[in-house]
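Structural description and commentary
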Amino acid sequence: MDECEPLATGFMRAWLRHQPRFAQLEGEYAAQLGGGADTPATVLELFRRAAAVAPRDADVHAVLGRAVQVGSIKTHSESAYGFTA
């Protein structure tokens, strides 16, 4: 795991929690997580749910797109060039 990932996932979740229409969604996610650690994949799923709730919210789609892009670049680099983080 990249050393910045926990910080980034924390910021993403905090942003979602402070948006009134997503607070309940984030609360449900926190209950499901049960005190476990966030992973980029679980936070990505959380933002996919947020995009389903608010399909026209550009901010949610911006975060979702960036998370997918970063994840696919990392996966591509690891598989194509043998790089690991």
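First, a word on what this report is: a plain description of the structure on this page. (Residues numbered from 1 in each chain as written. Predicted model: local features only at pLDDT ≥ 70, side-chain atom pairs only at ≥ 80, totals over all residues. Heavy atoms only, no water.)

1. Digging into the pattern of salt bridges
Throughout the structure, instances matching the rule amount to four salt bridges. One salt bridge in this structure joins Glu26 and Arg17, with 3.5 Å as the shortest N-O distance. Across the salt bridge formed by Glu45 and Arg49, the nearest N and O atoms sit 3.8 Å from each other. Of this pair, Glu45 and Arg49 are both found in helix H3 (residues 40-53), four residues apart, which corresponds to roughly one turn of the helix. Of the residues examined, Glu45 reaches a relative accessible area of 34% and is grouped as partly exposed. Residue classification places Arg49 among the partly exposed residues on the basis of a relative accessible area of 30%. (Salt bridge = Lys/Arg side-chain N within 4 Å of Asp/Glu carboxyl O. Helix = DSSP H or I, 4+ residues; strand = E, 2+ residues; numbered from the N terminus. Buried < 20%, exposed > 50% of the residue type's maximum accessible area, 1.4 Å probe, protein only.)

2. Quick look at the packing of aromatic side chains
This structure, assessed with the given rule, holds two aromatic pairs. Their ring planes at 35° and their centres at 6.4 Å tell us that Trp15 and Phe22 sit as a pair that is tilted. Taking relative accessible area as the criterion, Trp15 reaches 29% and is therefore assigned partly exposed. Residue classification places Phe22 among the buried positions, given a relative accessible area of 1%. On the basis of an interplanar angle of 20° and a centroid distance of 6.3 Å, the ring pair of Trp15 and Phe47 is categorised as stacked. You can see Trp15 sitting in helix H1 (residues 5-17) and its partner Phe47 sitting in helix H3, a full 32 residues away along the chain. Through a chain of ring-to-ring contacts, the aromatic side chains of Trp15, Phe22 and Phe47 assemble into a single cluster. (Phe/Tyr/Trp six-rings, centres within 6.5 Å; stacked < 30°, edge-to-face > 60°.)

3. Side note on the packing of helix H2 (residues 23-33) against H3
Where H2 contacts H3, the axes come no closer than 10 Å and their chain directions differ by 150°. Relative to H3, the element H2 lies roughly antiparallel. Helix-helix and strand crossings are classified by hand; for H2 and H3 the assignment is right-handed. Taking contact as the criterion, the partners of Leu25, Glu26, Tyr29 and Gln32 in H2 are, on H3, Thr42, Val43, Leu46, Arg49, Ala50 and Val53. Residue composition of the contact of H2 with H3, by class: six nonpolar, two polar and two charged. (Axes fitted to C-alpha atoms, helices over the stretch in contact; angles between N-to-C directions. Parallel < 35°, antiparallel > 145°, perpendicular 65-115°, else oblique. Left-handed = near helix turned anticlockwise from the far one by under 90°. Contact = heavy atoms within 4.5 Å. Nonpolar A, V, L, I, M, F, W, Y, C, P; charged D, E, K, R; others polar.)

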